Amino acid sequence: SRFMLIYPKDMKVAKIGPVRSARPYYLDWLAEYGDPMYMHVGGSPEALQIIKKTDVFDLNEFYRGWYYWRSKDRYAPHNTYTSSELWNKAWTDYAEDRGASSTSTWVFDHMDFCEEDCVNEITVQFNGINYEAGWEFNSSTLQYERYQSRKRHVDFDLRPIVADTVIVQHVTSTVLDGIGRLGIQTQGSGPVEIFRDGHKIEGAWMKIAKDQKTRWLDSEGLDIPLKPGKIWIEVVNKRAKVEYN
């Protein structure tokens, strides 16, 4: 039920949020991109210790609140927002020699539109219908349209949220405390399904070090090519229910 979004620095976005707290698994995935600016509002004790210990280029709203605003139409903690204008101000103020991006990347390639044994719907039920994510393939746009709790998932301007590639990454997880904080597997390997152009491609994900990019591998150990564009990764544990048709 939590999202991590990665934006190019020069992308113009008027409103992003709600911005939420830092978690250790987000920091592991963040490290794949070099030294980007990480915007968050507080965090779990473990995550805040990691940020301090490893010198993450972070912009914690608790200490840099002028790069965020609190909306009056939602209750805390779901009311903190920022924008590309504000993150560029922060970049000017604090970046200096920070913000180097990773040179490692995924493999991208063209693939013909699926004509047989296609997958048109993907459903990931994390914990009941209230935490259910769905994707429907639109053969006209060749993109996947996202649903949440069986309702079309839209942005602030009521535009549908879409992806060109949807990745379902299977991981293990543990409950860390009475609050329900999770420890999520980010390194090692596990099953993965990749959906693009109506195709379903099965393989394995692999991440051998914190600062190395997660790879998506086929049965021969070769990188599975993704479709250029927007990519959405659904990270699911063993309790989640995943269906395709």
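Refer to the structure above for everything that follows.
Below is a short write-up of the structure. Note that the structure is a prediction, hence the values are computed from the model and not measured.

## Digging into the environment of Gln-187
For step 1, the next point in the chain: Relative to the assigned elements, Gln-187 resides in the loop between β12 (182–184) and β13 (188–196).
For step 2, the next point in the chain: When the C-alpha positions of Gln-187 and Trp-205 are compared, they lie 9.3 Å apart, and in sequence the two are 18 residues distant.
For step 3, the next point in the chain: Setting aside anything within four residues of it in sequence, one finds Gln-187 in contact with Asp-28, Trp-205, Lys-207, Ile-208, Ala-209 and Lys-210.

## Details of the sheet that holds strand β10 (residues 165–170)
For step 1, the next point in the chain: The five strands are arranged β15-β14-β13-β10-β16 in an open sheet whose pairing can be described as mixed. The sheet is open, and its two borders are formed by β15 (215–217) and β16 (231–236), each paired with just one other strand. If you compare each strand with its neighbour and ignore which way they point, the axes differ by 30 degrees on average.
For step 2, the next point in the chain: The pairing of β10 with β13 spans five bridges and is classified as antiparallel. Bridge pairing in β13 links Val-166 to Phe-195.

## Quick look at the environment of Asp-55
For step 1, the next point in the chain: With respect to the element layout, Asp-55 can be found in the loop between α2 (45–54) and β2 (58–60).
For step 2, the next point in the chain: Along the primary structure Asp-55 and Asp-35 are separated by 20 residues, whereas in three dimensions their C-alpha atoms are 9.6 Å apart.

## Considerations on the state of the cysteines
For step 1, the next point in the chain: Across all of its chains, the model carries one disulfide by this definition.
For step 2, the next point in the chain: Across the disulfide from Cys-114 sits Cys-118; the S-S distance is 2.1 Å. The sign of the S-S torsion, about -105 degrees, decides the handedness of the disulfide formed by Cys-114 and Cys-118: left-handed.
For step 3, the next point in the chain: Overall, Cys-114 belongs to the buried group, its relative accessible area being 4%.

Analysis parameters
- Per chain, residues are indexed from 1 in the order of the written sequence.
- Local features in this predicted model are restricted to residues of pLDDT 70 or higher, and side-chain atom pairs are both shown and tallied only at a pLDDT of 80 or more, whereas totals for entire chains, interfaces and linings draw on every residue.
- Note that water and hydrogens are dropped before the side-chain values are worked out from all heavy atoms of the structure.
- Elements are defined by DSSP. Helices are runs of H or I of four residues or more, strands are runs of E of two residues or more, and each kind is numbered from the N terminus.
- By definition in these notes, contact holds between two residues if any of their heavy atoms fall within 4.5 Å.
- Paired strands, as defined in this entry, are two strands with at least two bridges between them according to DSSP.
- To define axes, lines are fitted to C-alpha atoms, for helices over the stretch in contact only, and angles between the resulting N-to-C directions are given on a 0 to 180 degree scale.
- Whenever a pair of cysteine sulfur atoms sits within 2.5 Å, that pair is classed as a disulfide.
- Accessibility here uses a 1.4 Å probe with only protein chains present; expressed as a share of the type maximum, an area under 20% marks a residue as buried, one over 50% as exposed, and anything in between as partly exposed.

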